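# Results of the structural survey
Each chain, written out:
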Amino acid sequence: MVLYLILSSCISFGAIYPLLCWTHYGVPVMTSFQRFNFCVALFSISVALPCIVIIEGLSISAGLTFAWLVVLLGLTAAYWNRESIHEWIVSVPSIFGILLLFRLAPNLVPDGAPSPLAFWTMFVVGGLIPTSAVYATIFGHWFLETKGRVPVLYLTNCVWLLGVVLGLRAAWDIVALFTMEARIFGEPVPLWSYLAHLDGILLGAGILAGTILPLALVVMVHKTLKIRSTTSATGLLYSMVIAILIGDMSYRYYAIAHGLVL
């Protein structure tokens, strides 16, 4: 179970994180910022590779992960000393991650759970939340170091993306509360009732920490950015990252262990 949690988190993070460079398309960034972004993706893939080898051995999935790691290493070396990047080229390695998630989804589906496609969609869309939160936080920190060298619009774009994805998850959670069923001692109960039970209390905490609280913080961040208080906005983003990571682990655990795709 723990290996599957780590594997799904690392693959979705490593696949989606580089794509967020599109939020500041065409804007040169500091070399240190670009290096950090590449290293974060490389770290995620490096953790995923041994997990796959332990679970499946020297399989096609392990080979795909290794090829992904090699391609990203090549891009990291090519852009190591550059401030500007080519977004299309940087996005290519993410194809490996998306394919890998699609390949591994059937192994993550418990008995009686929704189809692997539902899991794949959840891991991709849900993966946008922690990756967007981390990227926005790092971008906000970098923005402070540049002393306003680039327009605050690009930081706002990151926050807007995070807000939209959180809104989609919140809408889906509301629908799921009244349409989805969970099991308590083998008996099906509505999801809203399940959250009040001891077995579902951590899922309720995950929804609170991973969706409701971040949504409130996104509104606050947006308001602080409107008055150009980027220091306060970055501080709020740091708090948001912690809450979202806690919520993400809760969502993933209940998806893999109980088939509750939220």
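Overview of the structure. (Residues numbered from 1 in each chain as written. Predicted model: local features only at pLDDT ≥ 70, side-chain atom pairs only at ≥ 80, totals over all residues. Heavy atoms only, no water.)

## Quick word on a nonpolar patch on the surface
There is a patch of nonpolar side chains on the surface, built from Leu19, Trp22, Tyr25, Trp88 and Ile89 and spanning about 550 Å² of accessible area. Within the secondary structure, Tyr25 is located in the loop between helix H1 (2-16) and helix H2 (31-56). (Patch = residues over 30% accessible without salt bridge, like charges linked within 9 Å, V, L, I, M, F, W, Y side chains within 5 Å. Areas by Shrake-Rupley, 256 points an atom, 1.4 Å probe, with all protein chains shown as cover. Salt bridge = Lys/Arg side-chain N within 4 Å of Asp/Glu carboxyl O. Helix = DSSP H or I, 4+ residues; strand = E, 2+ residues; numbered from the N terminus.)

## As for the environment of Val241
Here Val241 lies in helix H10 (residues 230-258). Note on Val241: relative accessible area 13%, which makes it buried. In sequence terms Val241 and Ala133 are 108 residues apart; their C-alpha atoms lie 5.6 Å from each other. With residues near it in sequence (within four places) discarded, Val241 still touches Ala133, Val134 and Thr137. (Buried < 20%, exposed > 50% of the residue type's maximum accessible area, 1.4 Å probe, protein only. Contact = heavy atoms within 4.5 Å.)

## Let's talk about empty space enclosed by the protein
Taking a probe equal in size to a water molecule and rolling it over the atoms shows the remaining empty space. Considering all chains together, one arrives at 3 cavities of 30 Å³ or more under this definition. One number sums up the size of the largest cavity: a volume of about 90 Å³. Lining the largest cavity are Tyr17, Pro18, Cys21, His24, Gln34, Asn37, Phe38, Ala41, Ile85, Val90 and Tyr135. Broken down by element, the residue count for the lining of the largest cavity peaks at 4 residues, all from H2. Here the residues of the lining of the largest cavity are counted per class, giving 8 nonpolar, 3 polar and no charged. Taken as a whole, the second largest cavity holds about 40 Å³ of empty space. In this structure, the second largest cavity is lined by Tyr4, Leu7, Ile55, Glu56, Leu104, Asn107 and Leu108. Elements with a contribution of two residues or more to the lining of the second largest cavity: H1, H2 and helix H5 (94-108). Its residues assigned to classes, the lining of the second largest cavity comprises 5 nonpolar, 1 polar and 1 charged. (1 Å grid on protein atoms, 1.4 Å probe; cavity = no way out; pocket = protein on both sides within 12 Å on 5 of 7 lines; lining within 4 Å. Points joined across faces, edges and corners; volume = space filled by probe spheres on them. Nonpolar A, V, L, I, M, F, W, Y, C, P; charged D, E, K, R; others polar.)

## With respect to the nonpolar core
The biggest cluster of nonpolar side chains holds 65 residues, and the ones touching the most others in it are Ile11, Leu162, Val221 and Met240. Of all elements in the fold, only H1, H2, helix H3 (60-79), H5, helix H6 (116-146), helix H7 (153-179), helix H9 (201-226) and H10 reach the threshold of two or more residues within this core. Ignoring sequence-local partners within four residues, the contact set of Met240 consists of Leu162, Pro214, Leu217, Val218 and Val221. Listed in part, the 13 residues of the second largest apolar core include Tyr194, Tyr251, Leu260 and Leu262. (Core = buried A, V, L, I, M, F, W, Y, C linked by side-chain atoms within 4.5 Å.)

## Things to note about the side chain of Thr23
Within the fold, Thr23 resides in the loop between H1 and H2. Judged by its relative accessible area of 14%, Thr23 falls in the buried class. Here Thr23 is in contact with Tyr135, Tyr154, Asn157, Cys158 and Leu161, once residues within four sequence places are set aside.

## Regarding the pattern of salt bridges
Enumeration over the complete set of coordinates arrives at 1 salt bridge. Here Arg252 and Asp248 are joined by a salt bridge, their closest N and O atoms 2.8 Å apart. With Arg252 and Asp248 both in helix H10, this residue pair falls 4 residues apart, about one helical turn.

## Some thoughts on the packing of aromatic side chains
Inspection of the entire model under this criterion finds 10 aromatic pairs. Geometrically, the ring pair formed by Phe13 and Tyr17 is stacked, given 5.3 Å between the ring centres and 15° between the ring planes. Both residues of the pair, Phe13 and Tyr17, belong to the buried class. For the ring pair Tyr194 and Tyr254, a centre distance of 6.4 Å and an interplane angle of 85° mean the geometry is edge-to-face. Pair noted here: Tyr194 is in helix H8 (residues 191-194) and Tyr254 is in helix H10, with a separation of 60 residues, a long-range link. Exposure class is identical for Tyr194 and Tyr254. Each is buried. Above the face of the Tyr79 ring, Arg82 is positioned so that its terminal group lies 5.1 Å from the ring centre. (Phe/Tyr/Trp six-rings, centres within 6.5 Å; stacked < 30°, edge-to-face > 60°. Lys NZ or Arg CZ within 6 Å of the ring centre and 35° of its normal.)

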